[in-house]
Each structure stands twice: as structure tokens, then as C-alpha cells.
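# Fold and geometry: a report
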Amino acid sequence: MTATLSRQPEIRNGKALLVAGFRQTHKPKEVVNGISRQWRRLFPYMGSIQNQVGNISYGVVCNSDDIGNAEYMCGMEVMEFAGLPPEMDRLRIPEQTYAVFSHEGHISTLQDTWQSIWDDWYPNSGYEAADTPDFERYGEGYSQEAGIGGIEIWFPIKN
């Protein structure tokens, strides 16, 4: 069952981002468990990475294919890649225009919000999806322990 979006997204110009974290390709049936493992791997690094910008984290989706495989990266914004632990992956996200949605609810229902964006909002939006990464932004108000608060979905669109 898909979630109903409670309001229309904000259209925002997103700045270029440098994200440091862990990247992995997931098959459709492995997504939930695989992404959870990635975040658990990242948690010990949060707040202790050189050049980290704030306490905001990102879940980035890129390089999806037609059968549902997708690359996912969880990480934090950094000012530069120099000085990162060698085991961390690096990703540059270009400046882009986005439709930004607020996720109201527990992290366990985030996939429902994504599904609603793709199934309901996007086909009727009049926008074309841009071929750049989309991402989840976990803001200062997000609680890892509670799994709620401050989650946004940034969906790239063409002007």
C-alpha cells in the first residue's frame, strides 16, 4: 500500500554536495536489510569525520537499472574529500533543482513515501525526472533511536 503525500513538495535549488560514506548495489529483495547494514556500518563514523558539515546525513540513490537494482550510499556531507578514512566511498552530487518532500512518520514507512512520489505525484506533476542522484536528507531533528523527525526526500527534476 502506498502512502498519501500530505502536501505538495517545495521546489528548491540544491547546491552541489560532497558525500562521504559507504556505497553498495542492492537487488530489489535485498534493499531493506542491505541498507540497514550500511547505516549500522556508518554510525560509528558520524560526528567524527574530518571536514564533516553539520550533523546531517544522506541516503543517496543512484545508478538504478530497469530490473530494480540500485546503488545506495549512506553518508555525511563533507567540505572536501581529503583526510577521509580510506575505507570510505566518495560521491559528488551536482547542483540541481529538486522537488523536496517531507516524510511524516517512522523510518519504516519511508519506502511508502518514495512509492507514492513515483506512482502518484511524479506522473501527474508535469516535471521530468533529472538523471542525477536522488536522496533522503536526515536533518538535525532526526532521531536514530526513535526513527522519526526531520526526513526529507529530494527528487531531482528538470527545469
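See the structure shown above.
Residues numbered from 1 in each chain as written. Predicted model: local features only at pLDDT ≥ 70, side-chain atom pairs only at ≥ 80, totals over all residues. Heavy atoms only, no water.

This part is about the sheet that holds strand 6 (residues 96-103). Sheet architecture is open: 8 strands sit in the order 1-6-8-7-3-4-2-5, paired in antiparallel fashion. Each end of this open sheet is capped by a strand with a single partner; those strands are strand 1 (10-14) and strand 5 (89-93). On average, each strand axis in the sheet is inclined to that of its neighbour by 35°, with strand direction left out of account. Of the pairings in the sheet, the one linking strand 3 (residues 52-62) to strand 7 (residues 134-138) comprises 5 bridges and is antiparallel in character. Bridge pairing in strand 7 links V61 to D134. Relative to strand 2 (residues 17-26), helix 1 (residues 31-42) is tilted by about 140°, and along the sheet it contacts strand 2, strand 3, strand 4 (70-78) and strand 7. The sheet strands contacting helix 2 (residues 110-125) are strand 6, strand 7 and strand 8 (151-157), and the helix crosses strand 8 at an angle near 35°. (Pairing = 2+ DSSP bridges. Helix = DSSP H or I, 4+ residues; strand = E, 2+ residues; numbered from the N terminus. Axes fitted to C-alpha atoms, helices over the stretch in contact; angles between N-to-C directions. Contact = heavy atoms within 4.5 Å.)

The subject of this paragraph is helix 1. Taking 1.5 Å of rise per residue, the 12 residues of helix 1 would be expected to cover 16 Å, and the 16 Å separating its terminal C-alpha atoms lies within 8% of that figure. Residues of helix 1 that are buried include every one of G34, I35, Q38, W39 and L42, and no others. All buried residues of helix 1 lie within an arc of 135° about the axis, which places them on one face of the element. Among the exposed residues of helix 1, those oriented more than 90 degrees off its buried face are V32, N33 and R40. Where helix 1 is buried, its residues meet strand 2, strand 3, strand 4 and strand 7. (Expected span 1.5 Å × (residues − 1). Buried < 20%, exposed > 50% of the residue type's maximum accessible area, 1.4 Å probe, protein only. Arc of directions from axis to C-beta.)

Turning to the pairing of strand 3, a few remarks are in order. Most of strand 3 is tucked away, with 8 of its 11 residues classed as buried. Pairing of strand 3 with strand 4, which is carried by 7 bridges, proceeds in the antiparallel orientation. Each bridged residue has a counterpart across the sheet, and for V60 the counterpart in strand 4 is M73.

Right, let's get into the layout of surface pockets. In this structure, the largest pocket spans a volume of roughly 1,600 Å³. As for the largest pocket, its lining consists of 50 residues, and the residues nearest its centre are I35, V61, Y72, W114 and E136. Elements that contribute at least two residues to the lining of the largest pocket include exactly helix 1, strand 3, strand 4, helix 2, strand 7 and strand 8. Broken down by element, the residue count for the lining of the largest pocket peaks at 7 residues, all from helix 1. Per-class residue counts for the lining of the largest pocket are 24 nonpolar, 18 polar and 8 charged. (1 Å grid on protein atoms, 1.4 Å probe; cavity = no way out; pocket = protein on both sides within 12 Å on 5 of 7 lines; lining within 4 Å. Points joined across faces, edges and corners; volume = space filled by probe spheres on them. Nonpolar A, V, L, I, M, F, W, Y, C, P; charged D, E, K, R; others polar.)

What follows concerns helix 2. Structural remark: α-helix, 3.6 residues per turn; residues separated by three or four positions point the same way. Its axis deflected by about 35° at I117, helix 2 carries its strongest bend there. Restricting attention to buried positions, one finds in helix 2 the residues L110, T113, W114, S116, I117, W121 and S125. A positive backbone phi angle near 85° is found at G126, which sits one or two residues after helix 2. (Bend = angle between axes of the 7 residues up to and from the residue.)

Let us look at the state of the cysteines. Evaluated as defined, the whole model comprises 0 disulfides. The structure places no disulfide on C62, whose sulfur is separated from the nearest cysteine sulfur, that of C74, by 12 Å. When its relative accessible area of 8% is taken as the criterion, C62 is described as buried. (Disulfide = S-S within 2.5 Å.)

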